Amino acid sequence: MEINGKHCQTIWVNKENNQLIQVFDQRFFPHKISVYDCVSSESIFFAIKEMVVRGAPLIGVAAAYGMYLACLEAKNQPNQNQYIISIAEKLKSARPTAVNLSWAVDYMLKELDSETEMDLKINKALLLATQLKNNDIAVCENMGNFGLEIIKKIAQQKTVSASGVNGTTVNILTHCNAGWLATVDWGTATAPIYKAFLAGIDVHVWVDETRPRNQGASLTAFELGQQGVKHTLITDNTGGHLMQHGMVDLVLVGTDRTTKNGDVANKIGTYLKALAAYDNNIPFYVAAPSSSIDFTISDGINTIEIETRDENEVKYVQGKLNNEIQSVLICPEKTPTLNYGFDVTPARLITGIITERGICNASEEGLKTLFNEKY
Ligand code: MRU
């Protein structure tokens, strides 16, 4: 995807120094586009924990590069394997909900285990992390192609039955940022949107601002604008009203962890959008790469650990004022807060899951048709 007309990815190995991993620092988007240097496994841990990088697939890829940096560091450690294992545990603890994090770290550990010679281990780690990165791009693009068919169908139906009231534009509502900034490229929920846009379908996106960190406002609105996709920023409470008035044709979201029977953990507030979509008979699809599916659990509400985050995210809002990025307090100083990062949408409210292998029902039977080997 592009920033200021230049093709970019969210994470890369520095061309002159392959011991330097670089990412866009998403904490200050869209007001400041800067690059954050990850020089150690510690800086990758910091980047994930403090949301320099965020979004389930990108967290996974960043952690894989963190494992590569850990291998480099292990060279100077008395017990190299123990060091690598301790960094793996640390990286996994950075954020609890997105399963891509432990998925990527465990994959790296398993694949590196057989390599005993340290220089070969380091080379292999870099290769594996880069493979995971490239795989993420391919997976997102596949989801885009499958999801495109859903949008195409809606566009065709709207063209045939256009009443004139809401026109033929396909209006898609999305929550948080499940865009290319949450992955390496393309995005999960946005991949079908970009594919539709490129195919010449008239699409328009309702962007939930997504309090408290406003990933919709600061990231999704930014990236859609950069690609030239029509969009409108709305407050988190607006979606239900739009749905009641025929102004939403499709809801498309991503996921941080989906269970083997199709319960979906995603950014806090996703569940309320699913309820409203269900009540208004609007298709609600989740774009879920298999790296975000936790095939070990089935009860999303009772088993997925939901991240709780700093109270200041609720009490303060960050924005640009007088050309500077600033935070302002929006409540009495001592107001108690509660800040859950994610919620779980039960499978019964979900029309379908878009994966890299195709689209299926949000159920164990549905996911089994695509990922039988995991059951
Ligand atoms: O807290 P974040 O910004 O990491 O949350 C991101 C989301 O909830 C996304 O919707 C999600 O990772 C799924 S798709 C990339």
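Remember, predicted model here, so these are calculated numbers, not experimental data.

Criteria and thresholds
Residues numbered from 1 in each chain as written. Predicted model: local features only at pLDDT ≥ 70, side-chain atom pairs only at ≥ 80, totals over all residues. Heavy atoms only, no water. Domains from an automatic or database assignment. Buried area = accessible area lost by both parts, 1.4 Å probe. Salt bridge = Lys/Arg side-chain N within 4 Å of Asp/Glu carboxyl O. Polar contact = N/O pair within 3.5 Å; in protein donor to acceptor, adjacent residues only side chain to side chain. Helix = DSSP H or I, 4+ residues; strand = E, 2+ residues; numbered from the N terminus. Nonpolar A, V, L, I, M, F, W, Y, C, P; charged D, E, K, R; others polar. Buried < 20%, exposed > 50% of the residue type's maximum accessible area, 1.4 Å probe, protein only. Near = heavy atom within 4 Å. Areas by Shrake-Rupley, 256 points an atom, 1.4 Å probe, with all protein chains shown as cover. Contact = heavy atoms within 4.5 Å. Arc of directions from axis to C-beta. Pairing = 2+ DSSP bridges. Axes fitted to C-alpha atoms, helices over the stretch in contact; angles between N-to-C directions. Parallel < 35°, antiparallel > 145°, perpendicular 65-115°, else oblique. Left-handed = near helix turned anticlockwise from the far one by under 90°.

### A few points about the domain arrangement of the chain
Link 1 in the chain: With domains assigned, the chain is organised as domain 1 (2-134) and domain 2 (143-374).
Link 2 in the chain: Summarising the inter-unit geometry, the C-alpha centres of domain 1 and domain 2 are found 26 Å apart.
Link 3 in the chain: Summed over both sides, the interface of domain 1 with domain 2 buries roughly 2900 Å², with 56% coming from carbon and sulfur.
Link 4 in the chain: For the pair domain 1 and domain 2, the interface holds one salt bridge.
Link 5 in the chain: Here Glu307 and Arg95 are joined by a salt bridge, their closest N and O atoms 2.9 Å apart.
Link 6 in the chain: Counting across the domain 1 and domain 2 interface gives 17 residue pairs in polar contact (both at pLDDT 80 or more).
Link 7 in the chain: Contributing elements (two or more residues each) for the side of domain 1 that touches domain 2: strand S1 (2-3), helix H2 (56-74) and helix H4 (99-113).
Link 8 in the chain: The dominant element in the side of domain 1 that touches domain 2, judged by the number of residues it contributes, is H2, at four residues.
Link 9 in the chain: Of the residues in the side of domain 1 that touches domain 2, the class split is 17 nonpolar, ten polar and eight charged.

### A short note on unusual backbone geometry
Link 1 in the chain: Looking along the chain, the bond that leaves Phe29 and enters Pro30 is cis, with omega of -5°.
Link 2 in the chain: Within the secondary structure, Pro30 is located in the loop between strand S4 (21-24) and strand S5 (35-38).
Link 3 in the chain: With an omega of 10°, the peptide bond between Arg211 and Pro212 qualifies as cis.
Link 4 in the chain: Along the chain, Pro212 turns up in the loop between strand S7 (203-208) and helix H7 (215-227).
Link 5 in the chain: Positive phi, normally seen in glycine, also occurs at Asn322, with a value near 50°.
Link 6 in the chain: Among the residues examined, Asn322 registers a relative accessible area of 68% and is labelled exposed.

### Considerations on the site of the ligand
Link 1 in the chain: Taken together, 18 residues lie around the ligand, and Arg95, Gln215, Asp256, Asn266 and Lys267 are the ones closest in.
Link 2 in the chain: Here an oxygen atom of the ligand sits 2.9 Å away from a polar atom, N or O, in the main chain of Ala56.
Link 3 in the chain: Within the complex, 100% of the 410 Å² of free accessible area of the ligand lies under protein.
Link 4 in the chain: Residue assignment for the shell around the ligand shows that the elements contributing at least two residues are H2 and strand S11 (264-267).
Link 5 in the chain: Formed jointly, the shell around the ligand draws a minimum of three residues from each of two domains, domain 1 (2-134) and domain 2 (143-374).

### Some details on the side chain of Thr255
Link 1 in the chain: Its location among the elements puts Thr255 in the loop between strand S9 (250-253) and strand S10 (257-259).
Link 2 in the chain: A polar atom in the side chain of Thr255 sits 3.1 Å from the backbone nitrogen of Arg257.
Link 3 in the chain: Excluding its chain neighbours within four sequence positions, the residues that come into contact with Thr255 are Ala56, Val264, Ala265, Asn266, Val286, Ala287, Ala288 and Ser292.

### Things to note about helix H9 (residues 270-279)
Link 1 in the chain: Every buried residue of H9 is listed here: Thr270, Lys273, Ala274, Ala276 and Ala277. Along the long axis of H9, the arc covered by the buried residues comes to 165°, so they all point the same way. Away from its buried face, by an angle of more than 90 degrees, H9 presents the exposed residues Leu272, Tyr278 and Asp279.
Link 2 in the chain: One or two positions beyond H9, positive phi appears at Asn281, with a value near 60°.

### Comments concerning the sheet that holds S11
Link 1 in the chain: In spatial order, the strands read S13-S10-S11-S16; together these four strands make up an open sheet with mixed pairing. The open sheet has two edge strands with one neighbour each: strand S13 (293-294) and strand S16 (342-345).
Link 2 in the chain: The pairing of S10 with S13 spans two bridges and is classified as parallel. From the neighbouring strand, Thr259 faces S13, where its bridge partner is Asp294.

### Details of the packing of helix H6 (residues 190-198) against H7
Link 1 in the chain: The contact between H6 and H7 brings their axes to 12 Å, and the two run at 20°. Considered as vectors, H6 and H7 are oriented roughly parallel to each other. You can see that H6 and H7 cross each other, and the crossing is right-handed. Taking contact as the criterion, the partners of Thr190, Tyr194 and Phe197 in H6 are, on H7, Glu223, Leu224 and Gln227.

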